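Chain by chain, the residues run as shown.
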Amino acid sequence: MYTLGEFIIKNKDCFSYSTESLLRLFSCIKLASKEIHKEVNKAGLTKKIIGVSGVKNIQGEVQKKVDDFANQAFINSFKSRNVVCGIASEESKNFIEIKNKKIMNNPYIVLIDPLDGSSNIDVNVSIGTIFSVYMRSSSTKDHLSINDFLQVGNRQILAGYIIYGSSTILVYSVGNGVHGFTLDPSIGTFYLSHPNLFFPKNGNIYSVNEGNYTRFSNGIKRFLRYCQEEKENRPYTARYIGSLVGDFHRNLIKGGIYMYPKTVFFPEGKLRLLYECNPIAFLTEQAGGKASDGKRRILDILPKNLHQRTPFFCGPKEMVEKLEEFTNE
Ligand code: AHG
Ligand code: MN
Ligand code: MN
């Protein structure tokens, strides 16, 4: 059984950049995720991560203590490991430049949703972290600019998530398939448990917050009726956790489409393009699926700002293409 580090070294030719950098990036991600794993697993016993932090984040959303804890864990871990020159997070309005002169020479930037699905922490349901890595687009001699972060998703060099569920699993891709590693908490090591994840054929799950039904467009409403129709392998079964990482992880393994369409409350959609949709879209395509805003490929959208939202649909190709027949009518 390979550890994550052994797997990276064995597959070093699949990553066009430095293997040492990839190991360092994962050193940051592993440390922060283990800190979160440790706290999440005793969440009911500690006041450190249950409840609200008392501030609102840039989205105007009430920040939970766990959002803040996870954000600090990732920022501290990246700051102290001399591998990225900048970080953008769901929890911070502006990107953070890592100022140490030596570190500014590093060409990598990272975008993160440190804690996805935080409303689920109080009720013992799966939550996650989503991460995305690019080469900066400007010269390493200059200061970082917002344009280093506003790159199209198809330029990602690494994307992945960690799910803190009944076990803690790290799933990533560098553009050579999608691979999952389960944490053995007794020794703090991630072992390869899900090599070459690929959407299964004949998926029969649809995942959407159906409480928003009356606020959906007619195209989405018709697609939902299609999912519920008694024909071929339908009706599909509905499964919705309310954390993108949890819903996506299940759909990737079992075969299903995830949807967060625009609504009256969220006219641009709810999910954030740069640190939620792009990394999940990258994994989706690497697993043989498709990710779309209903009309366009997610990975081709040129971002205009750090926290921009988009409607989001991802899953097995044939399911997303069927949805697009309805959204393009
Ligand atoms: P976050 O906790 O990072 O703000 O993300 C929550 C997101 C996403 O994970 C989830 O799929 C969606 O919000 C759920 O939204 P609804 O509660 O509106 O269904
Ligand atoms: Mn999120
Ligand atoms: Mn979040």
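Calculation criteria
- Residues numbered from 1 in each chain as written.
- Chains lettered and ligands numbered in written order.
- Predicted model: local features only at pLDDT ≥ 70, side-chain atom pairs only at ≥ 80, totals over all residues.
- Heavy atoms only, no water.
- Core = buried A, V, L, I, M, F, W, Y, C linked by side-chain atoms within 4.5 Å.
- Buried < 20%, exposed > 50% of the residue type's maximum accessible area, 1.4 Å probe, protein only.
- Helix = DSSP H or I, 4+ residues; strand = E, 2+ residues; numbered from the N terminus.
- Donors = N, O, S within 2.8 Å, 3.2 Å for Na, K, Ca; no water.
- Pairing = 2+ DSSP bridges.
- Domains from an automatic or database assignment.
- Buried area = accessible area lost by both parts, 1.4 Å probe.
- Salt bridge = Lys/Arg side-chain N within 4 Å of Asp/Glu carboxyl O.
- Contact = heavy atoms within 4.5 Å.
- Axes fitted to C-alpha atoms, helices over the stretch in contact; angles between N-to-C directions.
- Near = heavy atom within 4 Å.
- Polar contact = N/O pair within 3.5 Å; in protein donor to acceptor, adjacent residues only side chain to side chain.
- Areas by Shrake-Rupley, 256 points an atom, 1.4 Å probe, with all protein chains shown as cover.

Student: What is the right way to look at the nonpolar core in this model?
Tutor: Counting 45 residues, the largest nonpolar core has Phe26, Phe74, Phe78, Val84, Ile87, Leu158 and Tyr172 as its most contacted members. Take this core: its biggest share by element is eight residues, from helix α2 (residues 19-40).

Student: I keep staring at the coordination of the manganese ion (ligand 2) and nothing clicks. Help me out?
Tutor: Under ideal tetrahedral coordination, the four donors around a metal are separated by 109.5 degrees; under ideal octahedral coordination, the six donors are separated by 90 or 180 degrees. The coordination sphere of the manganese ion (ligand 2) contains the protein donors Asp113 (OD), Asp116 (OD) and Glu276 (OE), at a distance range of 1.8 to 2.2 Å. For the manganese ion (ligand 2), the donor residues sit on a single chain with the sequence spacing D-x2-D-x159-E. Distance-wise, the manganese ion (ligand 3) is placed 3.7 Å from the manganese ion (ligand 2), both being coordinated by aspartate 113. Here aspartate 113 is found in strand β5 (residues 108-116), whereas its partner glutamate 276 is found in helix α8 (residues 273-286), with 163 residues between them in sequence. Since its relative accessible area comes to 2%, glutamate 276 is described here as buried.

Student: I'm lost on the pairing of strand β10 (residues 189-194) in this one. Help?
Tutor: Side chains on a regular strand alternate between the two faces of the sheet. Here strand β9 (residues 179-184) runs beside β10; their pairing, made up of five bridges, is antiparallel. When the sheet's bridge partners are listed, leucine 183 is paired in β10 with phenylalanine 190. Two successive antiparallel strands, β9 and β10, enclose a turn made up of four residues, where glycine 188 displays a positive phi of approximately 70°.

Student: Would you mind going over the domain arrangement of the protein chain with me for this structure?
Tutor: By a widely used convention, the size of an interface equals the accessible area lost when the partners come together. Taken domain by domain, the protein chain comprises domain 1 (4-194) and domain 2 (205-327). For the pair domain 1 and domain 2, the two sides together bury roughly 2900 Å², of which 64% comes from carbon and sulfur. When the buried surface of domain 1 facing domain 2 is broken down by residue, Ile130, Leu150 and Tyr161 rank first, second and third, together holding 20% of it. Put simply, domain 1 and domain 2 have one salt bridge between them.

Student: How do you make sense of the pattern of salt bridges when you look at a structure like this?
Tutor: In a structure, side chains of opposite charge can pair up when their charged atoms sit close to one another. With the rule as written, the count across this model stands at 13 salt bridges. Residue glutamate 276 is joined to arginine 272 by a salt bridge in which the shortest nitrogen-to-oxygen separation is 3.0 Å. Linking arginine 297 and glutamate 285 is a salt bridge whose minimum nitrogen-to-oxygen distance equals 2.8 Å. Taken together, the residues span a long stretch of sequence, with arginine 297 in the loop between β14 (289-292) and β15 (312-316) and glutamate 285 in helix α8 at a distance of twelve residues. Here glutamate 285 falls in the partly exposed class, since its relative accessible area comes to 27%. Sharing partners across several salt bridges, the network here consists of Glu90, Arg272 and Glu276.

Student: Teacher, can you tell me more about the side chain of serine 77 here?
Tutor: Secondary-structure assignment places serine 77 in helix α3 (residues 65-79). Using a relative accessible area of 3% as the deciding quantity, one classes serine 77 as buried. For serine 77, the residues in contact, after removing those within four places along its chain, are Ser27, Cys28, Leu31 and Ala32.

Student: How do you make sense of the sheet that holds β14 when you look at a structure like this?
Tutor: Sheet strands pair via backbone hydrogen bonds, and the direction of the pair is either parallel or antiparallel. Here five strands make up an open sheet; going across it, the order is β12-β11-β13-β15-β14 and the pairing mixed. Looking at the sheet topology across the chains shown, the edges are occupied by β12 (237-238) and β14. As judged from the three bridges shared by strand β13 (residues 256-260) and β15, these two strands associate in the antiparallel manner. Following the sheet pairing, tyrosine 260 is matched in β15 by phenylalanine 312. Across the sheet, helix α9 (residues 317-327) touches β11 (205-207), β13, β14 and β15, and the angle it forms with β15 is around 140°.

Student: What is the right way to read the site of ligand 1 from this model?
Tutor: Taken together, 18 residues form the shell around ligand 1, and within it Asp116, Gly117, Tyr240, Tyr258 and Tyr260 come nearest. In this structure, serine 118 approaches ligand 1 through a main-chain N or O atom, which is 3.2 Å from an oxygen atom. For ligand 1, whose free accessible area comes to 470 Å², the fraction covered by protein is 84%. Looking at the shell around ligand 1, the elements that each hand over two or more residues are β5 and β13. By residue number, the principal contributor to the shell around ligand 1 is β5, which donates three residues. If you count residues domain by domain, the shell around ligand 1 takes at least three from each of domain 1 (4-194) and domain 2 (205-327).

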